[in-house]
Each structure stands twice: as C-alpha cells, then as structure tokens.
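# Structure assessment
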Amino acid sequence: MKEGVLGNESEDMENDDSELGFWEAFDNVGDEGKELGSQVNDDRANRRENSKRFDFDGEKSQDLLRRINDVESRCATTGGSEIQGLKVDINLNLGLGDEPSSSTSTAIALGRENSLGDTQNKRPKVHSFSLDWGTSFENEIHYFGPVHEEVGHKVVPDSSVAGDDGGKNSDSLKMGDLLEVRMDLTDDLLHMVFSFLDHIDLCHAARVCKQWRDASSHEDFWRYLNFENRPISVQQFEDMCQRYPNATAVNVYGTSTIHQLGMKAVSSLRNLEVLTLGKGQLGETFFQALTDCHMLRSFTVNDATLGNGIQEIPIYHDRLHELQIVKCRVLRVSIRCPQLETLSLKRSSMPHVVLNCPLLHELDIASCHKLSDAAIRSAATSCPLLESLDMSNCSCVSDETLREIAMSCGNLRILDASYCQNISLESVRLPMLTVLKLHSCEGITSASMAAIAHSYMLEVLELDNCSLLTSVSLDLQRLKSIRLVHCRKFVDLNLRSSVLSSITVSNCPSLQRISITSNALKKLFLQKQESLTMLELQCHCLEEVDLTECESLTNSICEVFSSTGGCPVLRSLVLDSCESLTAVSFCSTSLVNLSLAGCRAITSLDVTCLYLEHISLDGCDHLERATFSPVGLRSLNLGICPKLNVLHIEAPRMVSLELKGCGVLSEAFIECPLLTSLDASFCSQLKDDCLSATTSSCPLIESLVLMSCPSVGPDGLASLNCLQSLTYLDLSYTFLVNLQPVYESCLYLKVLKLQACKYLSDTSLEPLYKGNALPALCELDLSYGTLCQSAIEELLACCRHLTHVSLNGCVNMHDLDWGSRIERLSVMSTFHGSHELSSMENVVMPHFQANRLLQNLNCVGCPNIKKVVIPPTARCFHLSSLNLSLSSNLKEVDISCCNLFILNLSNCNSLEILKLDCPRLTSLFLQSCNINEEAIEAAIMGCNMLETLDIRFCPKISPLSMGTIRAVCPSLKRIFSSLAPA
C-alpha cells in the first residue's frame, strides 16, 4: 500500500465538497484527512502488532479467516505475475482507542470485479436508535449524501464523490488505482462497530475520512429517524426522507412543525411503520393523509391539539395495529381501524368517542374525566374481543356499566377500575378476570368479596386505600398476588391459594387476624402492624418472615414458627421491636437467622435450633436467662444484655463468645469444643468454678479476656493449664497479687495485659527476667501499674525477646537511660568478674551480644520521666515506634536507633534537648513542646527520610522558620505548624 493514500483520498473529498454544496458542513474533512494521511507511516509499522490484538473468537472469527483465505486465493489466480510483487496488507484494528482512519483502511491488489463485490450487500446490524442526539444535529445532518451508484452488477462511486474522472475510467483500472480499493472485510468490521453508535456519533464519525462517511451513512443505521425535541426544519426533514426512503420509523415529537413533518413522513416514506408526533397541533388534513400510509402499524400522538378543537377527528386505517392518543385536546374522535389491537386515549379531554375496532384487545381510557358513563359503556361494549380495560380515574363509571361490559366482553382478563368511587361490584360477574385493580375505591367493602370470589381465574388483586374494607376472605386457587395498603378499617385477612406467592400488607392499623394457606409463598413481610395479635400460617415453602414492630404479638407466636407449626422450612425470622414478647422459645430444625432486636420485655430466651447461624439480641436489656442448646452459631455477642445472670450454651461450631458487660452473670455453662475466643470483661460475678468448667469444656481457647473480673482468683487461673493453645491473656483491672499460676499454666502465652493491676508486688515479674518464665511472651502491658523503677529497668534490660511493651501512666518510672545502665553493668563486670557479678543481689548480667527484639515502646503520660537515652550500645535495632507523649517533665531525649520510624513527643512541655541519630525516621511529632528552632534543626539534620513533622503550638518556633527547616531536611513532605499563642 502506498504511503499517503488516505491523505490523497481526503483531498479528493475536498474537491467533492467544492462541487457539492449540499454538504456545507463538511469543509474540515480534507484537513483532517491530510493529518490522518500523515499517520499512515507510523500505522504501517505497527500494523502487525495491532492486528495481534484483534480477538478472533467463535463463528465470526472463522468466517473472517475464510474470507482472508478466499481473498488471497483470488489474488493468486487473478493477479498473475503482475500481482505477485504486491503484498496483501490487512489491518484488523479499527482504531478503537488509537488513531482513526488509517487503522481502518485496507489495501489489496484485486480486480474491480473482486474488490467491490458486495459493498451494497451489508448485513443489517441495527434496526432502531432512540438515543438523544447532540445539539449540533442541524449541522451534522449535512454529512450524508449519495455515495454509490449501481451499474449492472458493479458498484461504482457516485460522480459527486469520485470526482470528475469517476466515470471515464470505469472500464479498466491501473495498478496504482488497485492499491486504493478497500477490501469488503474491513467494511464489514467497520459496519459492525458503527452498529453500536447512535446518530450523533455516526455524524461525528463521518468527518474522519471517506470510508467512514460511506459506512456511517448506510441505511441500516437510519431505519429509525429520531428527531425528538430537535430543531429540524421541514427542508432538512424532507432531505433525510429522500436520502433514506426505506426508513420504517419516525419520531418528531417536540419539534416546532409537527403537522408539516408528519405530512412529509406519511407522503414520502412508503415503508413507514411507526410514527410518533406530539407537542403541537395536527390538522384534519393530516388524518386524511394518514389513510394513504398503508404500511403504518403504530401511531402515537402525545400532548397535542387535534384539529381546531371543535370538530370531529376521523382516524381510519385498514392496517393500523396500535394507536395512542395521549393527553390530547379534541372534541370528538371517531376511530375505524379493523386491524387495531391496542388503543390508548389516556388523559385526553374528549367527551365523545366512537369505536369501530372489532379486533381490539387493549383499551386504555384512564383519566379521561370528560367521558360519561354512557360513552365508556358504548366504547367498551363495541369491542367484543376486549381483554384488557383500564378505566382508572373515570369517576363516573357505575356498576351497571361493569355488568354490561362483563356480558359483552367475555374474554376480559385485565380490569383497572382504580379511583372509581361509584363501583361496589354488586352483581358483577367476571369469571375470566386474571388481574383486578381497585385502588381507592370507596364503594368496595367486605360484601364486594362475594363478587370477586366468582372470578375463579383471578391471579392479581390490588385493594390499596379501600377505606371501608374491613375483611377479605377468599379461596381462589389461582391467586398469586394480593395488595392491601392503607386500608384503615381492615381487620381480618383469610386467604387460601396453593399458588399464592406475594402478599403486601402495609399500614393497616386495625388489622388483628391473618390466616394464610399457600404452597408457593416464600416471603412474608408484615412490618408495623401494631394491632396484629393472631397469625396462622400453613405455608410449607415459607422461608423468610419479617414481623418488625408488630407490637401486639404475644408469646404464642413462637408456636407458629416451631417445627410443629405450619412453616417447616423457615430460615429467617425477624421479630424486631415486638415489645409484647416476654418469654420466647423456639425449636426449629430449619431456622438459620433469628432477630429479636429491640424486644425490651424479653426476660427468658430458649433456642433449640441446630442450624441457627445468626442471632441478634440488640436492645434486649432485660434478658435474665438464656439457653442456646444446641445451636449452630459460630459467634455470639451477649454483651448487650446487662441483666443476664444465667447462661447455658451448647454450640458445637462456636469459635467466638463475647460476654463483655454481663456484670451480674453468675452461672455460665459453656460447652463449645471449638471455641477459640472468650471475652468476659466486666463479668464481676464470674467465679473460679465457672472459669474452671469453661476451660475444661473449651480446650481450644486461644484468646481469653478477664479484664475487671475481680472474683477470679488463683484457682481459676490454675485451671488455665487446660488451654494448651492460649496465647492471649488479659487480666487488667484485677486484684491479683501473685502471677505464679499464670507462669505455671500458660507456657505458650504471647500477649499478657496487666493494666492497672496495682496489687502486684515489685517481685511479681522476677520470674520473667530471672527464671525465664513465659519464653514465648512477645507483648507485655504494665500500664498504670505501681511497679518500682528498678523492676522496670531489670525487665527492659533482660527480657530482650519482648517486641511490644507498654508502660503508660507508670508514676514510679523516672528515667529511661539505657546508656548509663549498660555502662554501669560493663564497669561492674570489669572490676568484679562475671561470676561475682552474677551472684550479686538485684543485679542481672545481660547478654551484651544479644540484640533487643523490641519494636514498639509506649510510655505515654509518665509524669516523672525526665530523661530518655537510648544509645547504639543498647542494641535496639528493631525499635520502630517510640511514644513518649504527655510526659510533662521530660527535658532531654537522646536516641540513636537505626530503624526508628515514628517518634511521638507531643505535649512534652518541658522538652529542651533533642538529639536524634535515626536515619530512617519518617514521622516526628513535637506538638506543644517547649523547644526552640535551633534544637529542632540540629535534631533532624541527620534524618534523611523524614516526611512528616508536627510542630503545632510550639511557642518558641516561628512560622517564618519553615523555609529553614525544609532546607535542613529536604525530604520533608508535610509540616504541621500554627501561630504561637500570644
């Protein structure tokens, strides 16, 4: 393929435009074509790579491959020696997301008879488009015009497109011209892609190149001429009708001249099948011309004035199947359409209508307020085959009209008589009815149910807002759906239907009794039925029931949903905020989800549901006794039941149990062999015997929280030896004096929390750093304790396997000076020898060669700390986070840690000296510290990875010094600062 083919092609298009003034908006195509032509060189280099991205898939891919093979074989047979030197170059990348134009052109050496074989025989891809167009349609419309002419069996370019020489060289093609012939394979692919575009996108695509313009103007894409709410002139519409005479659908709703456009459509488009008009005035001549549009099948006119408003409008058509005259203003309409099946006159203001439509099946006269009872009766009874009738909001309809319609229209299956105030269905028999809608019909009462009961084919019944209806009792074996919403006086509902699958009952404040028998009902939602006291269900397929805020339900409701009740496969039951329930007992072999949230009056709960997986007891704050035996629960939270005092749980699959806050729980029988987590925080009445029984029956517990359990003593802790998997133990806020039972029973403990254990002696931790107790311990929390300074120092110096240590609020901690400690021990080892040193009392010789594994150290709010020194000799190579905030007397900090990332010194008001040798420090917090600028600059000078610096409310730091700080530490990304207080 020669370079610049597309560019030359686009130049030819510019010449065409000079001759064709019809495409007045097409002037920029030449420039775009030249630009696209300049992209051909790059495109050729990338074609092989781009073609690999085409996904050959399924039957289409096989068809494309067969086409390629066929083309290659024809090249070999027709080209001869003259064609051997040419290369078949096919680009299958349509440029979706890449450059346009060049990626869609294909050059191949073919004879004219082979290359242009079926360019007019494209497969139809799209039959209609209804998407909105852009506002520029008035200009876009000029991009389309005649593109090809067919002469004999050959398709040749139109003279207006091909240029002056288009017809002179029709007998023979030179080899150079052969290179410009595009193969039909690419056209097919382009046609397929364009079939997904709407009209405005097709107009935009026409600007790219000649090939795209030809493809986008294909009549397959313009079967539906949709000009809804578009400013199109009569001349433009006429041009489009001439260009696409085979269009089958037209929509000119909302245009300025619907009468003229409608006349053009029915006179110019002989294949017109669907016509939509509206928002304007249609004269009588249009309806006379409509008769001659023989192919018309559907006609819609919406929000229009028909005629002059005081004359009769005749609509006569022999083939019309669907007619919609919606929200129109007309005095009288006469419709004679022998093939008409669907007619809508909805919201039209006509007092008279005459119908001669023997095949009419659907009639919609909803909200035709001016139609009289006699007119409705005459119109409906004239259609013996009527199956669907919508007369909603026709307030004048009477029972007599319904009786005559029932006699004349024996096939009537759908009736909507909503908002018809005068009907009561007295003596009305509609045996074939399947759908009946009676919304807001004040005449419908319990007596009307006798008439409805004769509609033995009824499937859908809607009785919303029937204010005088008090009871519904129906035995209809085909009834599938019923609606009862906002029926103020409705009291009793009795339904029997084997196929009933949908029941909607809402906002019926007087409803007291419900009895339902069905083999198809799966979901039943009866929320906020405050007066409901009795519920009887025989629903063998019912799976979900929601009775939220049914405040009058009593304990007897439990029998309905037990295994012996009428719901044997019930899986989900919601009884939220049923405040009359006091003693609840469920025994079910199918129940999976149970919700009793907000049932504040419940004091006793007994659940025997082997497959129960989820239960919600939020707000059951008066629950005193609870039994779950057996249940399939995997987790249970009873911490929201503060009055619970007796608990029995048998759950073979339970792994997590939370009793946090059950302050009066005194008896707990827990049999959960797979339990791994137990939180009994604040269970102040929980004693040693209960803890011993629990550890015996739940040997797999890994995490045990006994925070604020003052009744737990040494015997209870000794029973922890049954828990060989215990790794987490929280004894915070207890009265423990001795930890020896913990050391002996919890050999594999990794986390030990002893917050606020103020009765522990200073020697209670000696087994940790002298006797090598709890060798697996990694995290130790001694916050708010009373241990002395020496005990803390010995612990930090010798327990080098600890990774997380918390000493928050320790008032006896004075200094954290690891440099002087190690230096003193080094001197002692030099003068006294290691043997003598190890025999000295209260002195432990650390292993200087071992690194500390400490990663996080928290000393928040230690008021007596004045100095923190961590030198390199402390070997804290793993320390990454150090928090010393709220230490109000801290004055000096000297830290050298190679892996420290976070240092928090916020609210250390006395801080004056800060020395840092922390090359990996990323965050430094100095909020409200009394430190000057020079000290900060000197401290962060060596922190090459520092990104965040917080110096808010530091009175000695000026906001003007930010530039200097950034210059000292270029790695800073965020500096939080504020003006110093006055």
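So, a few notes on the structure that sits alongside this text. Remember, it's a predicted structure, so these values are computed and weren't measured experimentally. (Residues numbered from 1 in each chain as written. Predicted model: local features only at pLDDT ≥ 70, side-chain atom pairs only at ≥ 80, totals over all residues. Heavy atoms only, no water.)

A word on the overall build of the protein. Summing up its helical and strand segments, the protein has 27 helices and 50 strands in all. Here the protein holds 982 residues, and 50% of them are scored as buried. Considering only contacts within the protein whose residues lie at least 6 apart along the sequence, 47% involve residues at least 24 apart. (Helix = DSSP H or I, 4+ residues; strand = E, 2+ residues; numbered from the N terminus. Buried < 20%, exposed > 50% of the residue type's maximum accessible area, 1.4 Å probe, protein only. Contact = heavy atoms within 4.5 Å.)

A surface patch of positive charge is lined by K279, K327, K346 and R347. If you trace the backbone, K279 turns up in strand 5 (residues 274–282). (Patch = residues over 30% accessible without salt bridge, like charges linked within 9 Å, V, L, I, M, F, W, Y side chains within 5 Å. Areas by Shrake-Rupley, 256 points an atom, 1.4 Å probe, with all protein chains shown as cover. Salt bridge = Lys/Arg side-chain N within 4 Å of Asp/Glu carboxyl O. Lys, Arg positive; Asp, Glu negative; His and termini not counted. Charge placed at Lys NZ, Arg CZ, Asp CG, Glu CD.)

As a further point, take the sheet that holds strand 9 (residues 332–336). With respect to topology, 3 strands assemble into an open sheet ordered 7-9-11, the strand pairing being parallel. What marks the edges here is a single partner per strand, and that holds for strand 7 (312–316) and strand 11 (352–356). With direction set aside, neighbouring strand axes in the sheet form an average angle of 10°. In this sheet, strand 9 lies alongside strand 7 in parallel orientation, the contact comprising 5 bridges. Note on strand 9: the bridge partner recorded for I313 is V333. (Pairing = 2+ DSSP bridges. Axes fitted to C-alpha atoms, helices over the stretch in contact; angles between N-to-C directions.)

Here helix 13 (residues 234–243) crosses helix 14 (residues 258–268) at 15°, and the two axes come no closer than 10 Å. Classified by the angle their axes make, helix 13 and helix 14 are roughly parallel. Helix 13 and helix 14 meet at a crossing whose hand is right-handed. Packed against helix 13, whose contacting residues are V234, F237, E238 and C241, the element helix 14 presents Q260, L261, K264, A265 and S268 at the interface. Its residues assigned to classes, the contact of helix 13 with helix 14 shows 5 nonpolar, 2 polar and 2 charged. (Parallel < 35°, antiparallel > 145°, perpendicular 65-115°, else oblique. Left-handed = near helix turned anticlockwise from the far one by under 90°. Nonpolar A, V, L, I, M, F, W, Y, C, P; charged D, E, K, R; others polar.)

The next point concerns the pairing of strand 20 (residues 502–506). On strand 20, burial follows the alternation: I503 and V505 on one face are buried, whereas S502, T504 and S506 on the facing-out side are not. In this sheet, strand 20 lies alongside strand 18 (residues 481–485) in parallel orientation, the contact comprising 5 bridges. Within the sheet, the bridge partner assigned to S481 lies in strand 20 and is S502.

Enumeration over the complete set of coordinates arrives at 18 salt bridges. With a shortest N-O distance of 3.3 Å, R329 and D303 are connected by a salt bridge. Taken together, the residues span a long stretch of sequence, with R329 in the loop between strand 8 (322–326) and strand 9 and D303 in strand 6 (residues 298–306) at a distance of 26 residues. The salt bridge partner of E312 is R332, with a shortest N-O separation of 2.9 Å. Taken together, the residues E312 in strand 7 and R332 in strand 9 connect sequence positions 20 residues apart. Look at E312 and you get partly exposed, because its relative accessible area is 36%. A residue is classified by how much of its surface remains accessible, and R332, at 29% relative accessible area, is partly exposed. Three or more residues are tied together by salt bridges with common partners; here these are D373, R377, E400 and E404.

Turning our eyes to something else, we now look at a nonpolar patch on the surface. Together, F735, V737 and Y759 line one region of the surface with nonpolar side chains, adding up to about 360 Å² of accessible area. Locating Y759 in the fold gives a position in the loop between strand 38 (751–753) and helix 23 (766–769). Classification of Y759 by relative accessible area gives exposed; the value is 52%.

The next point concerns the nonpolar core. Counting residues in hydrophobic clusters, the biggest one holds 266 residues, and the most contacted among them are F561 and F628. Discounting chain neighbours no more than four positions away, the residues touching F561 are L535, L537, V545, L547, C567, L570, L573, F586 and S588. (Core = buried A, V, L, I, M, F, W, Y, C linked by side-chain atoms within 4.5 Å.)

Let us now look at the packing of aromatic side chains. Aromatic rings considered in pairs are described by the distance between their centres and by the relative angle of their planes. Throughout the structure, instances matching the rule amount to 7 aromatic pairs. Seen from their ring centres, F194 and W212 are 5.5 Å apart, and the 85° between their planes marks the pair as edge-to-face. Here W212 lies in helix 12 (residues 210–216) and F194 lies in helix 10 (residues 184–194), a separation of 18 residues in the sequence. Across this residue pair, the class does not change: F194 and W212 are buried. Seen from their ring centres, F227 and F237 are 5.8 Å apart, and the 80° between their planes marks the pair as edge-to-face. Taken together, the residues span a long stretch of sequence, with F227 in the loop between strand 3 (224–226) and helix 13 and F237 in helix 13 at a distance of 10 residues. Among the residues examined, F227 registers a relative accessible area of 0% and is labelled buried. Since its relative accessible area comes to 0%, F237 is described here as buried. Counting every residue linked through ring pairs, the aromatic cluster contains F286, F287 and F299. A cation sits over an aromatic face here: R852 above W818, 4.2 Å from the ring centre. (Phe/Tyr/Trp six-rings, centres within 6.5 Å; stacked < 30°, edge-to-face > 60°. Lys NZ or Arg CZ within 6 Å of the ring centre and 35° of its normal.)

The subject of this paragraph is the pairing of strand 19 (residues 492–496). A one-sided burial pattern is seen for strand 19, the buried positions being L493 and L495 and the unburied ones D492, N494 and R496. Here strand 17 (residues 471–475) runs beside strand 19; their pairing, made up of 5 bridges, is parallel. Considered in strand 19, the bridge of S473 is made with N494. Note: strand 19 against strand 21 (residues 513–518), 5 bridges, orientation parallel. Paired with R496 across the two strands is T517, which belongs to strand 21.

Moving on, we get to the sheet that holds strand 47 (residues 913–917). What the 4 strands build is an open sheet, ordered 41-43-45-47; its pairing is parallel. Single-partner strands in this sheet number two, and they are strand 41 (815–817) and strand 47. Between one strand axis and the next, the sheet turns through 10° on average, direction left out of account.

Summarising the element assignment, S398 is placed in the loop between strand 13 (388–390) and helix 17 (399–408). Separated by 25 residues in the primary sequence, S398 and D373 place their C-alpha atoms 7.0 Å from one another.

Helix-helix packing: each pair is described by the crossing angle between the helix axes and the interaxial distance. The contact between helix 16 (residues 373–381) and helix 17 brings their axes to 9 Å, and the two run at 10°. Classified by the angle their axes make, helix 16 and helix 17 are roughly parallel. Of the residues in helix 17, those touching helix 16 at D373, R377, A380 and T381 are E400, T401, E404, I405 and S408. Here the contact of helix 16 with helix 17 is composed, by residue class, of 2 nonpolar, 3 polar and 4 charged.

Further remarks concern the environment of S348. As for its placement among the helices and strands, S348 is situated in the loop between strand 10 (342–344) and strand 11. A relative accessible area of 2% means that S348 is categorised as buried. For the pair formed by S348 and C328, sequence separation is 20 residues and the distance between their alpha carbons is 4.7 Å. With residues near it in sequence (within four places) discarded, S348 still touches I325, V326, K327, C328 and C368. A distance of 3.4 Å separates a polar atom in the side chain of S348 from the backbone nitrogen of K327. (Polar contact = N/O pair within 3.5 Å; in protein donor to acceptor, adjacent residues only side chain to side chain.)

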